[in-house]
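Chain residues, written in single-letter form:
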Amino acid sequence: MTDRAESVESVEQLAVVWRAMVLDRDAGADVRDLPGIAVRWADCRFAFWNCVTLTDVGTDAALLGRRLGQATDIMRAKKHQGFLWVFEDLLDDEARPALETAAERAGLQYAFAGTGMAGDLLPIPEPDHPDLTFVRVTTDEHLRAYADLNSRGYGFPLETGRDGLAGSARWKNEVHAYLGLRDGVPVTCAGTVEAAGRLFVVLVATHPQWQRRGYGEAVTRKALYEGARATGLTRATLHATAAGAPVYPRIGFEPNSPIHFYGLRD
């Protein structure tokens, strides 16, 4: 794929996966594909399930300003906070340097950075780690532990992660979600889910006490291995935070578009 094609793939994967995740959280969620904007908004406390994404390809500076204003209006109408995702490589050369100023003018503030990644890397060898045993998420207790690891890993209150995942049948049956246990205690987690012919990696997190030990990489490999074995898929995609981005090239992922996350300015 060309660089632009992989960036288009990345935003399309977000739209496909988040549609399913948001509707799993709330069957009445705001899921719309508008001109140049994809809305995937559960309006819950788990901010990752409250998402607006710009989808135009080759966006110029004038169109960027209009889309940011439209996205801000959508976000202001919601009860709970969420994020606008902007895939930098979908902007033209004029719009990229104008993004920060245009976002501020629209009433947005920068939240954090990310990177889209993809690779034709499956299957991979069955992983192991000397400190960990792996358990698939199949019970409410497992799912609560998965939610709590995401809350701790991303600095959310525990109730926030639980509000996003508690009670989900999809996460216990359709997502290849795994916990990594150290001495029987969950310390890391990762999931993969089939999405339009790819295996998408979702919600990887490690307890802050146990980071930088290779646990996140190990459990991600486990989720990829089991997902590929179940589906036969050979291509995988993901969206990495800046903290997680160094892990995934070691597995075989290649970066494509930088992603800019914005929230509403107070």
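This is a predicted model, so every value here is computed, not measured. Throughout, residues of each chain are indexed from 1 in the direction in which the sequence is written. At least 70 in pLDDT is required for a residue's local features to be given in this predicted model, at least 80 for side-chain atom pairs to be given and counted, and no such filter applies to totals for whole chains, interfaces and linings, which use all residues. Hydrogens and waters are ignored; side-chain quantities use all the structure's heavy atoms.

Caption draft 1: Main features of the pattern of salt bridges. Salt bridges are identified by distance alone: a Lys or Arg side-chain nitrogen within 4 Å of an Asp or Glu carboxyl oxygen. Taken as a whole and assessed by the stated rule, the structure comprises 20 salt bridges. With a closest N to O distance of 3.7 Å, Asp-163 and Arg-45 form a salt bridge. Remark: Arg-45 occurs in the loop between strand S2 (37-41) and strand S3 (50-54) and Asp-163 occurs in helix H5 (residues 158-165); sequence separation between them is 118 residues. We note a salt bridge from Glu-217 to Arg-221, for which the minimum N-O separation is 3.1 Å. Placement of the pair is Glu-217 and Arg-221 together in helix H7 (residues 215-231), with a separation of four residues, close to one helical turn. Residue exposure (1.4 Å probe, protein chains only): buried if accessible area is under 20% of the type maximum, exposed if over 50%, otherwise partly exposed. According to the relative accessible area criterion, Glu-217 is buried, its value standing at 16%. Members of the salt-bridge network, linked through shared partners, are Glu-6, Glu-9, Asp-120, Arg-198 and Arg-235. Put simply, DSSP H or I for four residues or longer makes a helix, DSSP E for two residues or longer makes a strand, and each gets a number counted from the N terminus.

Caption draft 2: Region of the structure containing the sheet that holds S2. Taken in spatial order, the 11 strands of this open sheet run S1-S2-S3-S4-S11-S5-S10-S9-S8-S7-S6, and their pairing is mixed. In this open sheet, the two strands that pair with only one neighbour each are strand S1 (30-34) and strand S6 (133-136). Pairwise comparison of adjacent strand axes, ignoring direction, gives a mean angle of 20° for this sheet. In this structure, S2 lies alongside S3, joined through five bridges in antiparallel fashion. Within S3, the residue paired with Ile-37 across the bridge is Leu-54. Helix-sheet contacts for H7 involve S6, strand S7 (176-182), strand S8 (185-195), strand S9 (198-206) and strand S10 (236-241), and the interaxial angle to S8 is about 35°. Pairing between strands is defined by DSSP: at least two bridges between the two strands are required. Convention adopted: a line fitted to C-alpha atoms gives each axis, helices being fitted over their contacting stretch, and angles between N-to-C directions are expressed from 0 to 180 degrees. The contact criterion used is simple: two residues touch if any of their non-hydrogen atoms lie within 4.5 Å.

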